[in-house]
Every structure is written in C-alpha cells, then in structure tokens.
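Residue strings, one per chain:
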Amino acid sequence: MSKIIGIDLGTTNSVVAISSDGKPEVLRDETGEALVPSIVAYAVDGSAIVGGMAKMLLLDRPDGVVSSVKRLMGRGVEDLKSLAGTLPYDVEPDADGGGMVRLIVGGNRLTPVEVSGDILAALKERAEDHLERPVEQAVITVPAYFDDAARTATRDAARL
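Residues numbered from 1 in each chain as written. Predicted model: local features only at pLDDT ≥ 70, side-chain atom pairs only at ≥ 80, totals over all residues. Heavy atoms only, no water.

Peer 1: Would you explain the pairing of strand S5 (residues 39-42) in this entry?
Peer 2: Successive residues of a regular strand alternate their side chains across the two faces of the sheet. In S5, alternate side chains face the same way, and those of Ile39 and Ala41 on one face and Val40 and Tyr42 on the other are all buried. As judged from the three bridges shared by S5 and strand S7 (residues 65-67), these two strands associate in the antiparallel manner. Bridge pairing in S7 links Ala41 to Val65. Here S5 runs beside strand S6 (residues 48-50); their pairing, made up of three bridges, is antiparallel. (Buried < 20%, exposed > 50% of the residue type's maximum accessible area, 1.4 Å probe, protein only. Helix = DSSP H or I, 4+ residues; strand = E, 2+ residues; numbered from the N terminus. Pairing = 2+ DSSP bridges.)

Peer 1: Explanation requested: the confidence of the model for the protein chain in the structure shown.
Peer 2: Regions with low pLDDT should not have their predicted coordinates read in detail. Chain-level statistics for the protein chain give a pLDDT mean of 86 and a share of 88% at 70 or above. Considering each helix and strand of the protein chain separately, the mean pLDDT is smallest for strand S9 (residues 99-102), with a value of 60, and largest for strand S4 (residues 36-37), with 97. (pLDDT = per-residue confidence, 0-100.)

Peer 1: Would you take a moment to explain the packing of helix H3 (residues 112-131) against helix H4 (residues 148-159) for this structure?
Peer 2: Helices that pack against each other are described as a pair by the angle of their axes relative to one another and the distance between those axes. At a minimum axis separation of 8 Å, H3 and H4 run at an interaxial angle of 55°. Relative to H4, H3 is oriented oblique. Relative to H4, H3 is oriented so that their crossing is right-handed. Where H3 approaches H4, its residues Val113, Ser116, Gly117 and Leu120 are matched on the opposing element by Ala153, Thr154, Asp156, Ala157 and Ala158. Residue composition of the contact of H3 with H4, by class: five nonpolar, three polar and one charged. (Axes fitted to C-alpha atoms, helices over the stretch in contact; angles between N-to-C directions. Parallel < 35°, antiparallel > 145°, perpendicular 65-115°, else oblique. Left-handed = near helix turned anticlockwise from the far one by under 90°. Contact = heavy atoms within 4.5 Å. Nonpolar A, V, L, I, M, F, W, Y, C, P; charged D, E, K, R; others polar.)

In structure tokens:
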C-alpha cells in the first residue's frame, strides 16, 4: 500500500515528511539535510537539477536557474510583467493568456507549474527512496493568501 506524504512547497526551501508511529518525521537526504532549496536549474537538454546543486549554479548561470517560482503560481501575464525586472529570465504570455517563464538555456520554455512540478518530483523521489516503495498521494501546503488560481496551479504541479 502506498504511503501518503506531506510536502511544504516553500518559496525559499521545501521539505517532505511522513507520519511515523503517529508523529511527523521529516525526511533527510544522505548528508542529513532536511531542507531542499526550492531552486531548479535546467540543462541545455531540458533536464532539471533541483535543490542544493541548482543553488550552486545560481551564481554561474542565473538565466538558467529558477528560484522563488512559488511567487509566480497562478499569476497572469500582467502580474508577471511587473516582476520582469526582478527576474533573471524573461516572461512571455502563453497561448491562453497566462504567464510563461522563458529560460535562456537551450530555448526551454517552462511554466511556473512545470518548475514547481520538478521540485515536487524531487521531494517525491526523496520519500520513495526513504520508504523503498512508490508514493501516490501527498498533502501539499499552500499559503493562506493563495487564491483559487494559485491553488489550482499547485494541484496541476502535483499531477505532473
């Protein structure tokens, strides 16, 4: 039977936990680190590097690394344009008028949902490595200020 995990998808850092003997247990990586930086670096081939390694690449390749993507969840292109000067990557409208994050690495075009999906996939992998079995369900926290669009975007990221 699959275990249900809990994920705090944070703007700066994220964490994954399980319930063990009725108590929460935060899952750590092989070095003992519990927090996963909510940062994703994209290679030219489109593959994602999540967490500490991506954070190290932030200084060398800021145009190929996405951080603080949670701020962009569920926001329209006009909202994203107002942030454009603060982001190291370009923002352009997608086909349905929403916002799309455009990275200057191999021509990758990624939505905030896809970037968040990569973070969630890394957290799921950590849980599966710890549990040694598949994880099919998760409870993901969202801030109280998230509107319906941001909540929906978070659910879409989880489905990815």
